[in-house]
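Structure at a glance
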Amino acid sequence: MKSTNNIILSGRLTADAQPMANESGVRFSIAHNMGKDKPALFVEFTYFAKNGKFTNKIDTDLLKKGTPVLVHAFMRPDNYTNAEGKTISKVQYIVKKVEAITAEEAEQADEQAE
């Protein structure tokens, strides 16, 4: 079986995208509405300016707080050792593409979640 690792989430940016050290990319998070009377899902993304042999033009004007977006990403492990020497494992979400969506599309996605 061929392995598939694709995630597509819609939501609104919770803050302006934050540049990474040495301007290698940006980090941002979105709030994804899970439906009426359910808590929102907050997901953090990393968007690299260079991803392998591909160069991404990061539209920082798009990545502003409150902007409704559709994020295409994949997951990868992110393991590190904390100050106590304990290995911490988590999942990192790496952006392939970010698209602006209209307010109507955002509302439609919210209604489908209900």
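The sections below set out a description of the structure shown in this document. (Residues numbered from 1 in each chain as written. Predicted model: local features only at pLDDT ≥ 70, side-chain atom pairs only at ≥ 80, totals over all residues. Heavy atoms only, no water.)

1. Observations regarding the overall build of the protein chain
- Looking only at helices and strands, the protein chain has 1 helix and 8 strands in total.
- Each helix (α) and strand (β) of the protein chain, taken in turn from the N terminus, gives the series β-β-β-β-β-β-β-β-α.
- For the protein chain, the spread of C-alpha atoms along the principal axes amounts to about 45 × 35 × 30 Å.
- Taken over 114 residues, the protein chain has a buried fraction of 32%.
- Sequence separation of at least 24 residues holds for 54% of the intrachain contacts in the protein chain that already meet a minimum separation of 6.
- In the structure as shown, the protein chain presents an accessible area of about 8000 Å², 51% of it carried by carbon and sulfur atoms. (Helix = DSSP H or I, 4+ residues; strand = E, 2+ residues; numbered from the N terminus. Buried < 20%, exposed > 50% of the residue type's maximum accessible area, 1.4 Å probe, protein only. Contact = heavy atoms within 4.5 Å. Areas by Shrake-Rupley, 256 points an atom, 1.4 Å probe, with all protein chains shown as cover.)

2. What about the layout of surface pockets?
- If you add up the space inside the largest pocket, you get close to 240 Å³.
- Around the largest pocket sit R27, F28, F42, V43, E44, F45, T46, D78, K90, V91, Q92 and Y93, which together line it.
- Of all the secondary structure elements, the ones that give two or more residues to the lining of the largest pocket are β3 (25-32), β4 (41-48) and β8 (87-100).
- No other element matches the 5 residues that β4 contributes to the lining of the largest pocket.
- Each residue belonging to the lining of the largest pocket can be placed in one class, and the counts come to 6 nonpolar, 2 polar and 4 charged. (1 Å grid on protein atoms, 1.4 Å probe; cavity = no way out; pocket = protein on both sides within 12 Å on 5 of 7 lines; lining within 4 Å. Points joined across faces, edges and corners; volume = space filled by probe spheres on them. Nonpolar A, V, L, I, M, F, W, Y, C, P; charged D, E, K, R; others polar.)

3. What about unusual backbone geometry?
- The residue D37 is not glycine, and still its phi comes out positive at about 65°.
- Examined against the element boundaries, D37 turns out to sit in the loop between β3 and β4.

4. Details of the packing of aromatic side chains
- Taken as a whole and judged by the stated rule, the model has 2 aromatic pairs.
- Ring centres of F45 and Y93 lie 6.1 Å apart, and the angle between their planes is 65°; on these two criteria the pair is classed as edge-to-face. Of this pair, F45 sits in strand β4 while Y93 is found in strand β8, placing the two residues 48 residues apart along the sequence.
- Residue classification places Y93 among the partly exposed residues on the basis of a relative accessible area of 25%.
- These aromatic residues form a ring-pair network of at least three members: F28, F45 and Y93. (Phe/Tyr/Trp six-rings, centres within 6.5 Å; stacked < 30°, edge-to-face > 60°.)

5. Focus on the pattern of salt bridges
- Evaluated as defined, the whole model comprises 1 salt bridge.
- We note a salt bridge from K97 to E99, for which the minimum N-O separation is 3.9 Å. (Salt bridge = Lys/Arg side-chain N within 4 Å of Asp/Glu carboxyl O.)

This is a description of form; function is not addressed.
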